[in-house]
Amino acid sequence: MKVDVVLGLQWGDEGKGKIVDYLAPNYAIVARFQGGPNAGHTLKFDGKKFVLHTIPSGIFRPDLINLIGSGVVIDPTTLAKELAALRQAQVDYQDRLLVARKANLILPTHRYIDKASEAAKGKEKIGSTLRGIGPTYMDKTGRNALRVGDIMQSDFQARYDKLKQKHLDLLKMYPPVDFDLATAEAQWLEGVETLRSLTLVDGEYYINKALAEGKKILAEGAQGSMLDIDFGTYPFVTSSNTITAGACTGLGIAPNKIGEVIGITKAYCTRVGAGPFPSELFDETGEFLRKEGQEFGATTGRPRRCGWIDLPQLRYTCMLNGVTQIVVTKMDVLDKFDSIGAATRYIHAGKETADLPYDVCTHDIEAKTIMIRGWNESLEQVSTYEELPEAAKDYLQNIEEYLDTPVTMVSTGPERRKLIVRNN
Ligand code: GDP
Ligand code: IMO
Ligand code: MG
């Protein structure tokens, strides 16, 4: 058996939560492989809405196991809140939610450092979600981190106190920012208690044993490939590998165990936070997309920047991920357009190119856009690919041809059932 991967091909918020929730019943295990509570994955079904930050998006489907993998950074405070929301919705997670012992812990002081460091950057700030992601991954690679397995060790409190002190010393470097550490710490220690009540596993053994037993596994990514620490629009990125390779390192599976790679793109493009966005629209069309698509962050509520789909950018991320299938979400948001733009090339430093240049963050980059006929009708009643208006089919075909990859699913609304699955 192989591990199928679902991940975002843009700058995040492509609709990963919805697609994982939809696909989950086909699998025995859904496993999150990286990122942390910077993610906000929205699920809508039966008139209810949930936003998950750390917990895999398979949790609402009965019978299957959800694993928070070792590549994830966990804030016990956020996790405890998510669990409380599940209990309120009467979702029984106790025997179905597993946490990898090697996952790293976000401490309150990691959030404190994130805030101080972003404030100190002034105009150059990344636009971080301030969830402590960067400082936690820094401690991981710096070999200072506390991991989930450590909460069961007798010296946990002493190690926590030591790392906290190190952070407080570090914070002296930064201009002061408001942070109520005492309250945050009390909540965090309560969260650690909650974490102790969950089932902790050696995730890498768990997954590989399940594979050997013939179980089907779906790996859920967070953020998007353009936020990848190595290949994204650095430094305006997150601090983990969001691409397919991150599923290997984040779960402890070998590259030859990867099966389908399901890459998600919106029918247009958004970004939240700072950094380059070649096809961004600054006019009323961008504003219209934000309104129609309700483009406000699921984690921070910030308005998302909007623009046309960027095909060279998607070709780049298809290449990085080995995408075998594309899912196009939010098609319905384009229902009211006579014509729809698509970036096909860039102008950068006076030259035309279809590759993303190295210095995309320091030199202006402009997208060359073609206009494609819109369908200008509601997709509300469409439930099969064949029923899509011709112009919508042409739009999708254009994407397939440019990316040389099939579009296998098209999402036409936030609800679980609003999904067109293409035959074959
Ligand atoms: P994720 O982080 O990739 O899981 O995506 P988010 O949940 O942050 O953002 C996607 C947003 O779009 C959520 O509010 C979803 O409910 C919504 N959404 C997902 N698919 C569709 C769709 O096909 N059409 C519309 N209109 N909204 C969608
Ligand atoms: P999901 O999984 C969209 C962005 C932030 C910021 C940059 C760094 O919901 O798609 P960080 O908090 O990681 O230090 O922020 O990355 N970012 C996201 N944007 N969706 C996300 O997750 C994101 N997670 C981080 O806005 O620009
Ligand atoms: Mg999101």
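Quick note: structure is the one above.
These numbers come from a predicted model, not from an experiment. (Residues numbered from 1 in each chain as written. Chains lettered and ligands numbered in written order. Predicted model: local features only at pLDDT ≥ 70, side-chain atom pairs only at ≥ 80, totals over all residues. Heavy atoms only, no water.)

Chemist: Which residues make up the overall build of the protein, and what values do they have?
Modeler: Within the protein one finds 11 helices and 20 strands. The dimensions of the protein, computed from C-alpha atoms along their principal axes, are 65 × 50 × 40 Å. With 424 residues in all, the protein has 58% of them scored as buried. Within the protein, residue pairs in contact and separated by at least 24 positions form 76% of the contacts whose partners lie at least 6 positions apart. With the model as given, the accessible surface of the protein reaches about 18,200 Å², and the carbon-plus-sulfur share is 50%. Taking the average location of the 51 positive side-chain charges in the protein and that of its 55 negative ones, the two points are 4 Å from each other. (Helix = DSSP H or I, 4+ residues; strand = E, 2+ residues; numbered from the N terminus. Buried < 20%, exposed > 50% of the residue type's maximum accessible area, 1.4 Å probe, protein only. Contact = heavy atoms within 4.5 Å. Areas by Shrake-Rupley, 256 points an atom, 1.4 Å probe, with all protein chains shown as cover. Lys, Arg positive; Asp, Glu negative; His and termini not counted. Charge placed at Lys NZ, Arg CZ, Asp CG, Glu CD.)

Chemist: Give me the coordination of the magnesium ion (ligand 3): which residues, what numbers.
Modeler: At 2.1 to 2.2 Å from the magnesium ion (ligand 3) lie its protein donor atoms, namely Asp13 (OD) and Gly40 (O). Of this pair, Asp13 sits in the loop between strand S1 (3–8) and helix H1 (16–23) while Gly40 sits in the loop between strand S2 (29–32) and strand S3 (41–45); the two residues are 27 residues apart in sequence, bridging distant segments of the chain. (Donors = N, O, S within 2.8 Å, 3.2 Å for Na, K, Ca; no water.)

Chemist: Help me get a handle on the nonpolar core, residues and values and all.
Modeler: Among the nonpolar cores identified, the biggest contains 58 residues, and Met331, Leu334, Trp375 and Tyr395 are the most heavily contacted of them. When residues of this core are assigned to their parent elements, the largest contribution, seven residues, is made by helix H11 (residues 390–403). Aside from chain neighbours lying at most four places away, what touches Met331 is Ala267, Trp375, Leu379, Ala392, Tyr395, Leu396, Val410, Ser411 and Thr412. By size, the runner-up hydrophobic cluster in this structure holds 31 residues, among which are Ile74, Leu105, Val192 and Leu195. (Core = buried A, V, L, I, M, F, W, Y, C linked by side-chain atoms within 4.5 Å.)

Chemist: How would you explain the sheet that holds strand S5 (residues 65–68) if you had to name every residue and give the values?
Modeler: In spatial order, the strands read S9-S7-S5-S2-S10-S1-S11-S15-S19-S20; together these 10 strands make up an open sheet with mixed pairing. One side of each edge strand has no neighbouring strand; the edge strands of this open sheet are strand S9 (199–201) and strand S20 (419–421). With strand direction ignored, the average angle separating the axes of adjacent strands in the sheet is 25°. Relative to strand S19 (residues 407–411), strand S15 (residues 325–329) runs parallel, the two being bridged by three bridges. Within the sheet, the bridge partner assigned to Ile326 lies in S19 and is Val407. Helix H7 (residues 203–212) contacts S1, S2, S5, strand S7 (97–100), S9 and strand S10 (217–220) of the sheet and is inclined by roughly 145° relative to S2. (Pairing = 2+ DSSP bridges. Axes fitted to C-alpha atoms, helices over the stretch in contact; angles between N-to-C directions.)

Chemist: Run through the site of ligand 1, naming residues and quoting values.
Modeler: Near ligand 1 you find 18 residues, and of these Gly15, Lys16, Thr42, Asp332 and Ser411 are the closest. Between an oxygen atom of ligand 1 and a side-chain N or O atom of Asp13, the distance comes to 2.9 Å. One nitrogen or oxygen atom from the side chain of Ser411 is found 2.5 Å from an oxygen atom belonging to ligand 1. The protein chains hide 92% of the 590 Å² of surface that ligand 1 would expose on its own. Secondary-structure elements contributing two or more residues to the shell around ligand 1 are H1 and S3. With three residues, H1 is the largest single contributor of residues to the shell around ligand 1. (Near = heavy atom within 4 Å. Polar contact = N/O pair within 3.5 Å; in protein donor to acceptor, adjacent residues only side chain to side chain.)

Chemist: Quick one: what's the story with the pattern of salt bridges, residue by residue and with numbers?
Modeler: As enumerated under the stated definition, the model contains 25 salt bridges in all. Of the charged contacts, one joins Glu380 and Lys418 as a salt bridge, the two residues approaching to 3.3 Å between their closest N and O atoms. You can see Glu380 sitting in the loop between strand S18 (365–373) and H11 and its partner Lys418 sitting in the loop between S19 and S20, a full 38 residues away along the chain. The exposure class of Lys418 is buried, given its relative accessible area of 9%. Put simply, Asp13, Lys266, Glu295, Arg304 and Lys330 are held in one network by salt bridges that share partners. (Salt bridge = Lys/Arg side-chain N within 4 Å of Asp/Glu carboxyl O.)

Chemist: I'd like a description of the packing of aromatic side chains, backed by residues and values.
Modeler: The final tally for this structure, using the stated rule, is 10 aromatic pairs. Between Tyr112 and Phe179 the ring centres are 4.6 Å apart and the planes differ by 15°, which places this aromatic pair in the stacked class. Taken as a pair, Tyr112 in helix H3 (residues 108–121) and Phe179 in the loop between helix H5 (156–171) and helix H6 (181–196) lie far apart in primary sequence, 67 residues in all. Relative accessible area serves as the criterion here: at 17%, Tyr112 is assigned to the buried category. With a relative accessible area of 21%, Phe179 lands in the partly exposed category. Through successive ring pairs, a cluster of aromatic residues spans Phe45, Phe50 and Phe60. (Phe/Tyr/Trp six-rings, centres within 6.5 Å; stacked < 30°, edge-to-face > 60°.)

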